[in-house]
2 protein chains.
Amino acid sequence: MPTLFLTRNDVRGLLNMADVIEAVEQAFRDWAMGKASMPAKAYLLLDKGDLRAMPAALAGSAGMKWASVHPQNCSLGLPTVMAMLIYNDPETGYPLAVMDATEITAYRTGATAAIASKYLARKDSDTLGIVGAGSQAYTQVTAHLELFDLSSVRVYDCSQAAVDKLIHNLPESPLQACTLEEAVASDIVCTLTPAREPFVKREWVTPGAHINAVGADAEGKQELEPSILREAIVVVDDLRQASAAGEINVPLKKGLFRTEEVRATLGEIIAGQKQGRTDEKAVTVFDSTGVAIEDIAVADIVYKQAKQRGGYLSLDFVEG
Amino acid sequence: MPTLFLTRNDVRGLLNMADVIEAVEQAFRDWAMGKASMPAKAYLLLDKGDLRAMPAALAGSAGMKWASVHPQNCSLGLPTVMAMLIYNDPETGYPLAVMDATEITAYRTGATAAIASKYLARKDSDTLGIVGAGSQAYTQVTAHLELFDLSSVRVYDCSQAAVDKLIHNLPESPLQACTLEEAVASDIVCTLTPAREPFVKREWVTPGAHINAVGADAEGKQELEPSILREAIVVVDDLRQASAAGEINVPLKKGLFRTEEVRATLGEIIAGQKQGRTDEKAVTVFDSTGVAIEDIAVADIVYKQAKQRGGYLSLDFVEG
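Residues numbered from 1 in each chain as written. Chains lettered and ligands numbered in written order. Predicted model: local features only at pLDDT ≥ 70, side-chain atom pairs only at ≥ 80, totals over all residues. Heavy atoms only, no water.

> Please provide a residue-by-residue account of the overall build of chain A, values included.
Scanning chain A from N- to C-terminus turns up eleven helices and 15 strands. For 320 residues, the compact-globule estimate of 2.2 N^0.38 gives 20 Å, and the C-alpha radius of gyration of chain A, at 19 Å, lies within 12% of that figure. In terms of its C-alpha atoms, chain A occupies a principal-axis envelope of roughly 65 × 40 × 40 Å. For chain A, contacts bridging at least 24 residues in sequence account for 69% of all contacts bridging at least 6. For chain A, the exposed surface amounts to about 12100 Å²; the carbon and sulfur share of it is 50%. Treating the 30 positive side-chain charges of chain A as one cloud and the 42 negative ones as another, the clouds have centres 3 Å apart. (Helix = DSSP H or I, 4+ residues; strand = E, 2+ residues; numbered from the N terminus. Rg over C-alpha atoms; globule rule 2.2 N^0.38 Å. Contact = heavy atoms within 4.5 Å. Areas by Shrake-Rupley, 256 points an atom, 1.4 Å probe, with all protein chains shown as cover. Lys, Arg positive; Asp, Glu negative; His and termini not counted. Charge placed at Lys NZ, Arg CZ, Asp CG, Glu CD.)

> Report on the interface of chain B and chain A, specifying residues and quantitative values.
Size of an interface: often given as the accessible area lost when the parts come together. Counting residues at the interface gives 50 residues for chain B and 50 residues for chain A. In total, chain B and chain A occlude about 4000 Å² of area from one another, counting both sides; carbon and sulfur atoms represent 73% of this. Where chain B touches chain A, the interface holds two salt bridges. For Glu91 of chain B, the salt bridge goes to Lys48 of chain A, with nearest N and O atoms at 2.5 Å. Between the two partners, chain B and chain A, sit nine residue pairs in polar contact (both at pLDDT 80 or more). Elements with a contribution of two residues or more to the side of chain B that touches chain A: β1 (3–6), α1 (8–14), β2 (42–46), β3 (49–58), β4 (61–69), β5 (81–88), β6 (95–100) and β15 (313–315) of chain B. Looking at the side of chain B that touches chain A, its residues break down into 33 nonpolar, eleven polar and six charged. (Buried area = accessible area lost by both parts, 1.4 Å probe. Salt bridge = Lys/Arg side-chain N within 4 Å of Asp/Glu carboxyl O. Polar contact = N/O pair within 3.5 Å; in protein donor to acceptor, adjacent residues only side chain to side chain. Nonpolar A, V, L, I, M, F, W, Y, C, P; charged D, E, K, R; others polar.)

> Outline the sheet that holds strand β5 (residues 81–88) of chain A, listing residues and values.
Residue and element names in this part refer to chain A. Pairing is mixed in the open sheet, where seven strands are placed in the order β2-β3-β4-β5-β6-β1-β15. Each edge of the sheet is formed by a strand with only one pairing partner; in this case those strands are β2 (42–46) and β15 (313–315). Neighbour-to-neighbour, the strand axes of this sheet turn through a mean angle of 15°, independent of strand direction. Of the strand pairs in this sheet, β2 and strand β3 (residues 49–58) are connected by five bridges, and their pairing is antiparallel. Each residue of the ladder has a partner; that of Leu46, found in β3, is Gly49. Most of the contacts of helix α11 (residues 292–309) go to β3, to which it runs at about 70°, and overall it touches β1 (3–6), β3, β4 (61–69), β5 and β6 (95–100). (Pairing = 2+ DSSP bridges. Axes fitted to C-alpha atoms, helices over the stretch in contact; angles between N-to-C directions.)

> Tell me what's going on with the relation of the copies chain B and chain A, and back it up with residues and numbers.
Superposing the two chain copies requires a rotation about an axis and a translation along that axis. Once chain B is rotated about the relating axis by 180° and shifted along it by 0.0 Å, it coincides with chain A to within an RMSD of 0.1 Å. Here the two chains are linked by the operation of a two-fold rotation axis. Looking at the interface residues of chain B, 100% of them are also at the interface in chain A, so both copies use one shared face. (Least-squares fit on C-alpha atoms with pLDDT ≥ 70 in both.)

> Account for the sheet that holds strand β9 (residues 175–177) of chain B, naming residues and giving values.
Residues and elements named next belong to chain B. Pairing in this open sheet of eight strands is parallel, and the strands run β9-β8-β7-β10-β11-β14-β12-β13 from one edge to the other. On the outer flanks of this sheet lie β9 and β13 (262–265), each paired with one strand and no other. Going across the sheet, the axis of each strand differs from the next one's by a mean of 20°, ignoring polarity. Each of β10 (188–191), β11 (210–213), β12 (233–236) and β14 (284–287) touches helix α3 (residues 102–120); the most contacted strand, β11, lies at about 155° to it. Along the sheet face, helix α5 (residues 160–169) touches β8 (152–156) and β9 and points at about 160° away from the line of β9.

> Tell me about the state of the cysteines, and name the residues and values.
What is meant by a disulfide is a covalent connection between two cysteines, made through their sulfur atoms. All names here are of chain B. This model, assessed by the stated rule, comprises zero disulfides over all chains. No disulfide involves Cys190; its nearest neighbouring cysteine sulfur is the one of Cys178, lying 13 Å away. For Cys190, a relative accessible area of 0% puts it in the buried group. (Disulfide = S-S within 2.5 Å. Buried < 20%, exposed > 50% of the residue type's maximum accessible area, 1.4 Å probe, protein only.)

> Give me the packing of α3 of chain B against helix α11 (residues 292–309) of chain B: which residues, what numbers.
Helix-helix packing is described using two parameters, namely the angle between the two axes and the distance between the axes. Residues and elements named next belong to chain B. Where α3 contacts α11, the axes come no closer than 9 Å and their chain directions differ by 115°. As α3 runs across α11, the sense of the crossing is right-handed. Of the residues in α11, those touching α3 at Ile104, Thr105, Arg108 and Thr112 are Glu294, Asp295, Val298, Ala299 and Val302. When the residues that make up the contact of α3 with α11 are grouped by side-chain class, the tally is four nonpolar, two polar and three charged. (Left-handed = near helix turned anticlockwise from the far one by under 90°.)

> Talk me through the confidence of the model for chain A; I want residue IDs and the actual numbers.
A residue-level look at chain A finds 99% of positions with pLDDT of 70 or above and a mean pLDDT of 95. Model confidence for the complex: the whole-complex pTM is 0.93, and ipTM, which rates the interface, is 0.91. (pLDDT = per-residue confidence, 0-100.)

> Pulling in residues and values, what's your account of the nonpolar core?
Of all hydrophobic cores here, the largest spans 54 residues; its most connected members are Val20, Met99, Ile293 and Val302 of chain A. Of all the elements, α11 of chain A adds the most residues to this core, at ten residues. Looking at which domains feed residues into this core, each of domain 1 (3–104 + 293–315) and domain 2 (124–290) of chain A gives three or more. By size, the runner-up hydrophobic cluster in this structure holds 52 residues, among which are Met54, Ala114, Val298 and Ala299 of chain B. (Core = buried A, V, L, I, M, F, W, Y, C linked by side-chain atoms within 4.5 Å. Domains from an automatic or database assignment.)

> So what's going on with the pattern of salt bridges? Residues and values would help.
Residue and element names in this part refer to chain A. Enumeration over the complete set of coordinates arrives at 38 salt bridges over all chains. Here Arg202 makes a salt bridge to Glu231, at a shortest N to O gap of 2.6 Å. Of this pair, Arg202 sits in the loop between β10 (188–191) and β11 (210–213) while Glu231 sits in helix α7 (residues 226–231), and the two are 29 residues apart along the sequence. Look at Glu231 and you get exposed, because its relative accessible area is 52%.

> Describe helix α2 (residues 17–32) of chain B, with residues and values.
Residues and elements named next belong to chain B. In this model α2 runs 23 Å from its N-terminal to its C-terminal C-alpha over 16 residues, within 8% of the 22 Å that 1.5 Å per residue would give. For α2, the secondary structure elements touched by its buried residues are β3, α3, α4 (135–147), α10 (266–270) and α11. Two residues or fewer past α2, Gly34 is found with a positive phi of approximately 75°. (Expected span 1.5 Å × (residues − 1).)

> Please give an account of the domain arrangement of chain A that cites residues and values.
All names here are of chain A. When its domains are assigned, chain A resolves into domain 1 (3–104 + 293–315) and domain 2 (124–290). Here the C-alpha centroids of domain 1 and domain 2 sit 24 Å apart. Taking both partners together, domain 1 and domain 2 bury about 1300 Å²; carbon and sulfur atoms supply 66% of that area. Of all residues in domain 1, the largest losses of buried area upon contact with domain 2 belong to Met17, Ile21 and Phe28, amounting jointly to 36% of the total for that side. One can count zero salt bridges joining domain 1 with domain 2. Here domain 1 is connected to domain 2 by two residue pairs in polar contact (both at pLDDT 80 or more). Here the side of domain 1 that touches domain 2 takes eight residues from helix α2 (residues 17–32), the largest share from any one element. Of the residues in the side of domain 1 that touches domain 2, the class split is eleven nonpolar, no polar and four charged.

> Go over the side chain of Ser186 of chain B, please, and point to the residues and values.
Residues and elements named next belong to chain B. For Ser186, the position within the fold is in the loop between α6 (180–184) and β10. What makes Ser186 buried here is its relative accessible area of 0%. Reaching out from Ser186, the side chain makes a polar contact with the side chain of Arg154 at a distance of 3.3 Å. Discounting chain neighbours no more than four positions away, the residues touching Ser186 are Thr127, Leu128, Gly129, Arg154, Thr206 and Ala209.

Quick look at the structure:
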């Protein structure tokens, strides 16, 4: 029985954002309805970074993403985050595919934020603000443009070069450079920075806005002034993970926010078990930390597309 | 930067038992001395089996084995246990290799038991008893023959065909078929069955014997009468794992054994931190559940041998 091997280039060629959004939305719905399983991430701490195992199973698919986070890699010309994914047949455990998961991570992160915006932002949202124009910004823009008819996407980064590069690389999107304050004043805001101190001020956020807080993904990180969370309708991808490493982690530790104040998980809202936005003037915040069901849902697309198209590297790995 | 892809056949050709024993012994020593790290296994439970992530880091190497256990696979002509391993550079997180880990698992399990025998069995041990002639039996025999000058290896299995096959496939080893009682009456005994009820009787065990209890690897499994454990010097690979899923798990739950009665871990004995056998007449038991440091130590050999020999499949997986 063959195992498929898919490089980063292969994976990139097999993904499109509309499919990813549909699959990730379904994965969150299934998870909320008890049809998916996802144990806690297992962290392997190393001197210069860490490696983390992210296993999950959905109806008909199972697997595990193994991602490295090494902040000093940029000085070596290597990505800070690298990831591989093993995709298994849940019926037999057979490893059907091994694939690079760098693109999968980027696509599913963008898709999840856009899905959160779909359920939490005002239906008439017209402007998107991107705070942080690094590699995560691309899929945030493309995913939101799949679901929203936006008149403008305002981009801020402390590096003007990063802003210019993003605008240059997405020539068909309505991107424009702006100040931090202007980006935050959008109908939908995506914060995508590695900040450890809150820099998004309460006074810049407009009534009725929706914020996807994506940057905080480790203990000690935060992007938003805690007063924003206190007044907002807060939704998380996974309460345990968000409490430990998401946007709410520092405010929780400082006693400025309580887990009971979290309105719902994204899955509960998608499944119709809880309500998200109940007031056009309210600010909504989605705390995104990234969960393995997103990765497995996307890996399932990649595998099926690769099988259908054919021509990819295939080895009889286990028996051979 | 290339990532190596090594199939089961490739891995088999790169391993030899003497190297594996040396590397696994060093891994246990380093772990006891705080120079290795190993978080708990993460289990993904599925309808027909499970998948488990086993991450570990040693000095200079890191990685994760992802193993499936699906008991109904034999009816489909597939192995019950399959495993892949991602081997990373701990300095950067880069995935240096992806390899089949079926052979790695078999080699390291045999090597670990033989290392336990080296430290716990009497120096003049002359006979080895193998209880259960399935796939694990091969490496138990070859590993013990590396370290002991044995006059006979007695093999018992409820399937005569399995015994015949093992003897046929190891023509240069001093193997002979025997009864269960005869196998258990050896100087060194390896129990390798999936039993859920104790079948190794106290009265069959000879004074001064050493038993490697390898079969129990999940809650509810056990092979030895609890009276054997109560009277023996008991050593484990990992106390947390042995308590949950090893030979001691059922006696612990039934109150027939206490964790305080465990003498030491194998690593502590290898590192000279604790004593193993202190009496020539005592029975010693090693409770082997299998730990990820063993796998990563062997993967390190495989990777270095493959790099040295060259000619293996290599792809620019992450960048490409």
